[in-house]
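# Fold and geometry: a report
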Amino acid sequence: MAKIKAKGVSYAKWGYIFIAPFFIVFSIFTLYPVLMTFYYSFFERFMIGLNQHGPYYVGLDNYVAVLTGADGSFFSSNLWQYFLNTLIMWLLGFVPQIAASLLLAAWFTDLRLNLKMQGFFKTVIYLPNIIMAAAFSMLMFQLFDTIGPVNATLLRMDVVEEPVRFLSSTMGARGIIGLMNFIMWFGNTTILLMAAMMGIDPALFEAAEIDGASPRDIFWKITMPLINPILVYVMITSMIGGLQMFDIPQILTNTSGGPNNTTMTLIMHLNQHLFSRNFGMAGAFSALLFIGMSALSLLVFKTVANNAASGGPGH
Amino acid sequence: MIKLRRFLSYATLIFLVLLCLFPFFVLLMNATRAHAEVLRGFSFFPGASMVNNFRNVIENPNMPVIRATINSFILAIGTVLMVLYFSTLTAFGIHAYNFKLKKFAFVFILLIMMLPVQLSALGFIRLVETMNLRNSFIPFIIPAAASPVTFFFMIQYMKSTLSVEIIEAARIDGSNEFMTFNRIVLPLMKPALAVQAIFTFVGTWNSFFMPALLLDDPDMHTLPILISRLRGADFLNFDLGQVYMLIGLSILPVVVVYLILSKYIVAGVSLGGVKG
């Protein structure tokens, strides 16, 4: 009798006990703030001098204000400008990043090419990813400053006659931000794509070689289709990261998003509202971003969930 | 043909290596040079002012560098401990036990994994203010107990290494479930814990968005906040030797850790991703 009872001991409660801290903390510090963010988006709150006014319930007024421009029309809203800025600066980094990463990953995994010192190369190209973005931006600001080393070198080599004001031109500022995103992320992408390429059955490559396929054919007709799932994953996660772009343009342009708001990202704008305690607008802005990003997250979720269901970790 | 391809790939790699290292090489050189030397333009050779720059930075009354470094360490280490312990605990709870909400809990955590924290920032700031916890590290360290990305890494690792037999053997030996986790499961997870410790440390050390909004007391500033203040200062009047030194000091700890452990870190990057 006692034995049967002992066998019937259920350990289920321990499952609940062990996952409880996660869900309690998540509910208090993430779920509740998300709900409150939506809630605040229906209220107006502003400062006159040092006095807080409101909150006054204003319905969807904040949303209308976020979505319409100074002239009251939908497409003149700053939101579109900031979205476009963010997208352009993300693409400036992402396009060269994916191209370089595909090339490097294909080379690293090509057995006939047999590249030496792979450990060293991987260590160096991943290094920028761990550098504090704020510090890297401050460094790049100094390097591209009118009195910085880049200009000093250009002047000395007589390429230019007077210092180039890189950060005063839209192209220059966006270009530097794109370059930094590229430098910080191509190593990470290379390593992810390499893992995917090494998962391909080598017999496929051997068969193609015997049939006389060129390296170019092998890359486009065998490698690319087979790494497609991870390519999609890399792209969506990079886009989600790109839409959160903040540290680099914030420090590089000293919060201004200059020149003329052309490097102002979505999150930089949100930060402005939060900093000036314009909570109604911040709420509506967050809520709209939340909806957009949730759609993207869902795509990642599908990729990851399929993978988690089909088996072990990716190694 | 293969020789040409090999030449092309090495040339590209060397170009990218230089692109990655050059900014930091300039940083290293300029941190050893005095303001006037820095202004004279870039040089491939170090100057003699490294010690001087270092002393000037840490003694600068407007820049609490030592304080900020200590703060960054407290924040990063506190966060690492919370993330590691509770992510592993949660992963163990879902991996090792059968309960009604098991599947739901797992899917839920995957769903929230990619949601950016910035989007709940408003509600979070208001909550922290209601709790009277502005200028405290508590609102950074406690929420770290719910870290979906580390959880996912841990549960994937458990799937490949942690067998149920070990837990059952511990039960027969009379260990209760909590003790089993602390004394048997945690030590078995060491390799995964090490990888996640590094990633979490680096992420927290570098984090800027929330700390800048919640830590406005200079005594609570972390290094990224100090750098943003330096950027806001009138840099023309600023000693550039000190500027480069401060940038260097703020990235030094993670670079040192990275160079020592790069093999494991690079391996950990691909481990965290999904399999194609």
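Anything mentioned here points back to the structure above.
Residues numbered from 1 in each chain as written. Chains lettered and ligands numbered in written order. Predicted model: local features only at pLDDT ≥ 70, side-chain atom pairs only at ≥ 80, totals over all residues. Heavy atoms only, no water.

### What to know about the packing of aromatic side chains
Tallied over the entire structure, the rule returns 36 aromatic pairs over all chains. Ring geometry for F219(A) against W220(A): centres 5.2 Å apart, planes inclined by 80°, an arrangement best described as edge-to-face. Given the relative accessible area of 53%, W220(A) is considered exposed. With 5.5 Å between their ring centres and 40° between their planes, F92(B) and F181(B) make a pair best called tilted. Here the residue F92(B) occupies a position in helix α4 (residues 65–96), and F181(B) occupies one in helix α10 (residues 177–188), the gap between them amounting to 89 residues. Here F181(B) falls in the buried class, since its relative accessible area comes to 0%. (Phe/Tyr/Trp six-rings, centres within 6.5 Å; stacked < 30°, edge-to-face > 60°. Buried < 20%, exposed > 50% of the residue type's maximum accessible area, 1.4 Å probe, protein only. Helix = DSSP H or I, 4+ residues; strand = E, 2+ residues; numbered from the N terminus.)

### Notes on the pattern of salt bridges
Enumeration over the complete set of coordinates arrives at seven salt bridges over all chains. We note a salt bridge from R5(B) to D110(A), for which the minimum N-O separation is 2.9 Å. Of the two residues, R5(B) sits in helix α1 (residues 2–30) while D110(A) sits in the loop between α4 (78–109) and α5 (118–130), which places them in two different chains. With respect to burial, R5(B) and D110(A) carry one shared label: buried. Measuring nitrogen to oxygen at the nearest pair gives 2.8 Å for the salt bridge that ties E177(B) to R171(B). The residues E177(B) and R171(B) share a single accessibility class, namely buried. (Salt bridge = Lys/Arg side-chain N within 4 Å of Asp/Glu carboxyl O.)

### Considerations on the interface of chain A and chain B
Many analyses report the size of an interface as the accessible area lost when the parts associate. Contacts between the two partners involve 104 residues from chain A, matched on the other side by 108 residues from chain B. Interface area, chain A with chain B, both sides summed: about 9900 Å², of which 78% is carbon and sulfur. Put simply, chain A and chain B have two salt bridges between them. Across the contact surface, chain A and chain B share 12 residue pairs in polar contact (both at pLDDT 80 or more). Across the side of chain A that touches chain B, the residue classes tally to 73 nonpolar, 22 polar and nine charged. (Contact = heavy atoms within 4.5 Å. Buried area = accessible area lost by both parts, 1.4 Å probe. Polar contact = N/O pair within 3.5 Å; in protein donor to acceptor, adjacent residues only side chain to side chain. Nonpolar A, V, L, I, M, F, W, Y, C, P; charged D, E, K, R; others polar.)

Everything listed here is a matter of coordinates, which is why it stays silent on function.
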